[in-house]
Structures are given as C-alpha cells and as structure tokens.
Amino acid sequence: MVACASCGSWTGVLLCAPCGDGLQTGGPLVTSGGVMTWAALRHAGPARSLVHRLKYDGIVTAGDVLGAAMAFYVPASASALVPVPRATLRRWSHGVDPARVLAHAMARTTGLPVVAALRPAAWWPRHAGRRADSRSAAVFRAAGTPDPGWVLVDDVVTTGTTIDAASAALGSVVRMAVAATSPSRVSPWGRGTDLEGTAQA
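This text gives an overview of the structure that appears in the document. Note that this is a predicted model, so its numbers are computed, not measured.

Examined against the element boundaries, A99 turns out to sit in helix α5 (residues 98–110). In this structure A99 touches P83, V84, V153 and D154, once residues within four positions along its chain are discounted.

See below:
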C-alpha cells in the first residue's frame with residue numbers, strides 16, 4: 001500500500017482523491033527584483049500539508065507530487081533547473097533540501113538537467129511567519145557560470161526575497177523561477193505582494 005503524501009492515509013496512490021480535490025491553483029507574480037515567478041499551487045489545505053511533510057518530515061513523495069505540478073510551469077525556453085538551497089544547518093537539522101527534491105522531481109517530467117549552481121550560507125533566520133520588512137536576506141554564492149535559460153526552483157514564494165537573493169547571486173542573469181506554492185491570492189503581474197500577511201511556510 002502507498003500512503004497519501006498529503007494526509008498520510010493508506011489509499012494506494014500518492015495523492016488521495018479528497019486531497020487532490022483540495023488543491024488550488026497558484027499563479028504568476030513578479031518579485032520586487034524583477035524575477036518572473038510561477039507558483040504552481042496556493043499554499044493552503046493539502047498543498048500546504050505537502051510542503052510541510054517535505055520540508056519538516058522528509059517525505060520525498062510529497063516532493064514528487066509537488067514537482068509534477070510545478071513541471072507544467074517550466075517555460076519552453078528553459079535550459080536547466082536550479083534549486084534554491086536551504087541554509088546548510090537547517091538542511092542538516094531536517095535531513096532534506098526541499099528545492100533539490102522538487103527540482104529532481106521536475107526533471108523527471110521535463111527532461112531538463114538539475115544544476116547545483118548556488119551554495120547557501122550556513123544559516124539565516126527562518127522566514128516563515130515574518131513580514132517582509134522583518135526578513136533578513138538569504139545568502140548564496142554562485143557556483144558556475146549562469147545561463148539565462150536557467151529556472152530557479154523553490155518550495156514557497158511569499159515576498160520573493162529568497163528568489164531575489166538567489167537571482168542576485170547569479171548576477172541577475174537568471175530571471176525565471178517556479179515555486180511549489182504561494183500563500184497569496186496571486187494575481188497576474190502582482191509585484192510579489194503577500195495579500196494575506198505573513199505565511200506560516
């Protein structure tokens with residue numbers, strides 16, 4: 001038997017029918033740094049549970065479900081998928097790097113390579129639950145020569161601060177991103193605005 005990646009019920013499929021029916025489509029936004037970003041799903045209900053089970057419980061099948069949804073939003077011009085890595089100490093603590101899992105799940109659908117082009121700092125304060133004006137910037141350094149066809153991959157986009165930091169580390173050459181979820185009611189071309197306040201990501 002296979003457990004539902006969202007609710008954990010033993011259903012024989014990766015995502016049970018009730019959880020599948022509870023998924024809400026995300027949408028596009030442009031971060032304040034100008035990175036065109038697509039959120040595959042809204043960070044609510046089963047989608048929020050999938051993100052939490054991947055990030056904090058290390059349930060890789062949750063990443064498989066999210067990655068399949070994200071693959072649909074990868075532009076035809078994409079040349080590779082670049083995970084936005086978790087802070088090193090947080091990855092050691094939880095035993096998983098969510099963006100890396102998501103990128104590899106997307107690669108199985110898209111056929112694109114995964115390029116580990118970003119190296120994270122050891123630590124930065126957790127962003128979940130913080131408003132945009134109280135978030136410290138994530139810190140990355142580039143590893144390799146950036147390509148404009150690269151697409152950044154992350155688990156949750158709220159204000160776009162982390163995606164902007166990743167883009168900046170790559171010399172602002174990479175201007176596209178796909179995230180699993182966004183807590184906002186995303187409207188086209190919204191400038192990275194979180195319409196629901198802080199996100200418990």
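Applying the stated rule across the entire model yields two salt bridges. One salt bridge in this structure joins D155 and K55, with 3.4 Å as the shortest N-O distance. With D155 in strand β6 (residues 150–156) and K55 in helix α2 (residues 45–57), the pair connects residues that are 100 residues apart, well separated along the chain. The residues D155 and K55 share a single accessibility class, namely buried. The partner of D64 in a salt bridge is R108, and the shortest N-O contact between them spans 2.7 Å.

This part covers the sheet that holds strand β7 (residues 176–182). If you trace the five strands from one edge of the open sheet to the other, you get β1-β2-β7-β6-β3, paired in mixed fashion. Lying at the two open borders of the sheet, with one neighbouring strand each, are β1 (25–30) and β3 (80–83). Shown here is a sheet whose adjacent strand axes are inclined to one another by a mean of 25°, direction ignored. For strand β2 (residues 36–42) and β7, the ladder comprises six bridges, and the chain directions are parallel. Opposite W38, over in β7, you have V178 as the bridge partner.

A separate point is helix α6 (residues 161–169). Taken together, the buried positions of α6 are T162, I163, D164, A165, A166 and S167. For α6, the elements touching its buried residues are β2, β4 (118–120), β5 (140–142), β6 and β7. Positive backbone phi, approximately 75°, marks G171, located one or two places after α6.

The next subject is unusual backbone geometry. With a phi angle near 60°, S172 is a residue other than glycine that sits in the positive phi range. Its location among the elements puts S172 in the loop between α6 and β7.

It is worth spelling out the nonpolar core at this point. Formed by 28 residues in total, the largest nonpolar core has its most connected members in M70 and L81. Among the secondary structure elements, those contributing two or more residues to this core are β2, α2, α3 (60–71), α5, β6 and β7. For this core, the leading source of residues is α5, giving five residues. Setting aside residues no more than four positions away along its own chain, L81 makes contact with V74, A103, M106, A107, T110, L112, P113, V114, V115, V151 and V153. Core analysis: the second largest hydrophobic core is formed by 20 residues, V84, A117, A165 and A179 among them.

The rules behind the values
The residue numbers shown here count from 1 along each chain, following its written sequence. For this predicted model, a pLDDT threshold of at least 70 governs which residues receive local features, and a threshold of 80 or more governs which side-chain atom pairs are given and counted, while totals over whole chains, interfaces and linings are taken from all residues. Side-chain measures here rest on the full set of heavy atoms in the structure, leaving out hydrogens and waters. Under the DSSP-based scheme used, a helix requires at least four consecutive residues in state H or I and a strand at least two consecutive residues in state E, with every element numbered from the N terminus. Every residue pair with non-hydrogen atoms within 4.5 Å of one another is taken to be in contact. Think of a salt bridge as a Lys or Arg side-chain nitrogen and an Asp or Glu carboxyl oxygen that are within 4 Å of each other. Whether a residue is buried, partly exposed or exposed follows from its accessible area with a 1.4 Å probe, protein chains only, as a fraction of its type maximum: under 20%, in between, or over 50%, in that order. A pair of strands counts as paired when DSSP detects no fewer than two bridges linking them. Note on geometry: axes are lines fitted to C-alpha atoms, helical ones only across the stretch in contact, with angles between N-to-C directions running from 0 to 180 degrees. For the purposes of this section, nonpolar cores are sets of buried Ala, Val, Leu, Ile, Met, Phe, Trp, Tyr and Cys residues that join through side-chain atoms within 4.5 Å.

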